[in-house]
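Residue strings, one per chain:
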Amino acid sequence: QVQLVESGGGLVQPGGSLRLSCAASEFIFSLYDMSWYRQAPGKKRELLATINIAGGTTNYADSMKGRFTISRDNAKNTVYLQMNSLKPEDTAVYYCHALRTVVPPTHEVWGQGTLVTVSS
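Residues numbered from 1 in each chain as written. Predicted model: local features only at pLDDT ≥ 70, side-chain atom pairs only at ≥ 80, totals over all residues. Heavy atoms only, no water.

Looking now at the nonpolar core. The nonpolar side chains of soluble globular proteins are, as a tendency, buried together. Core analysis: the biggest nonpolar cluster contains 28 residues, and L4, M34, W36, V79, L81, M83 and Y94 have the highest contact counts within it. Taken together, the elements giving at least two residues each to this core come down to strand 3 (18–25), strand 4 (33–39), strand 5 (46–51), strand 7 (68–73), strand 8 (78–83), strand 9 (92–100) and strand 11 (114–118). Contact partners of M34, with chain neighbours within four places excluded, come to L4, C22, F29, A49, T50, I51, I70, R72, V79, C96, H97 and A98. (Core = buried A, V, L, I, M, F, W, Y, C linked by side-chain atoms within 4.5 Å. Buried < 20%, exposed > 50% of the residue type's maximum accessible area, 1.4 Å probe, protein only. Helix = DSSP H or I, 4+ residues; strand = E, 2+ residues; numbered from the N terminus. Contact = heavy atoms within 4.5 Å.)

This is the structure in structure tokens:
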């Protein structure tokens, strides 16, 4: 199976930090732009951050307000999301997304999600 597997979610208190990881298997990770999304129940998935295939270009949603950082390690086939100063409104299922455009046809893969709960 071509898969993205997220890990690192869990329960954290407000103001705390988590680092999410997304490990890719059975595809060439270095050909994919990577993104993190999140989705709360009943709401649309929200794009948080993207990073290009080489890791040199990143983009962040305004709502992140500098609290989140995306990074990747192509040697480990892994993308990370460092989340700091977490707030209750950050509670959501966080999804990893891979998008290949450099080799046609365009291909994308979604991870299964990892739950982040920010609560006292």
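Back to the text.
Bringing the pairing of strand 11 into the picture now. Residues T114, V116 and V118 of strand 11 are buried on one face, while the alternating residues L115 and T117, pointing to the opposite face, are not. Pairing of strand 9 with strand 11, which is carried by 3 bridges, proceeds in the antiparallel orientation. Within the sheet, the bridge partner assigned to V93 lies in strand 11 and is L115. (Pairing = 2+ DSSP bridges.)

Summed over all chains, the structure comprises 1 disulfide. Linked covalently through their sulfurs, C22 and C96 form a disulfide whose S-S length is 2.1 Å. The chirality of the disulfide connecting C22 with C96 is left-handed, given an S-S dihedral of about -85°. With a gap of 74 residues between them, C22 in strand 3 and C96 in strand 9 connect regions that are remote in the sequence. Here the two residues C22 and C96 agree in accessibility, since each one is buried. (Disulfide = S-S within 2.5 Å.)

Mapping T114 onto the fold places it in strand 11. Between the C-alpha atom of T114 and that of W36, which follows or precedes it by 78 residues, the distance is 11 Å. Within the structure, T114 has its side chain in polar contact with the backbone nitrogen of G9 (distance 3.3 Å). (Polar contact = N/O pair within 3.5 Å; in protein donor to acceptor, adjacent residues only side chain to side chain.)

Moving on, we get to the pattern of salt bridges. Under the defined criterion, the tally for this structure stands at 3 salt bridges. Across the pair D90 and R38 runs a salt bridge, and its minimum N-O distance is 2.8 Å. Residue D90 is located in the loop between strand 8 and strand 9, and its partner R38 is located in strand 4; the two are separated by 52 residues in the primary sequence. Look at D90 and you get buried, because its relative accessible area is 1%. A relative accessible area of 11% means that R38 is categorised as buried. Close ionic contact of R67 with D90 constitutes a salt bridge, the shortest N to O distance being 2.7 Å. Of this pair, R67 sits in the loop between strand 6 (58–60) and strand 7 while D90 sits in the loop between strand 8 and strand 9; the two residues are 23 residues apart in sequence, bridging distant segments of the chain. For R67, a relative accessible area of 11% puts it in the buried group. Each of R38, E46, R67 and D90 takes part in one network of salt bridges that share partners. (Salt bridge = Lys/Arg side-chain N within 4 Å of Asp/Glu carboxyl O.)

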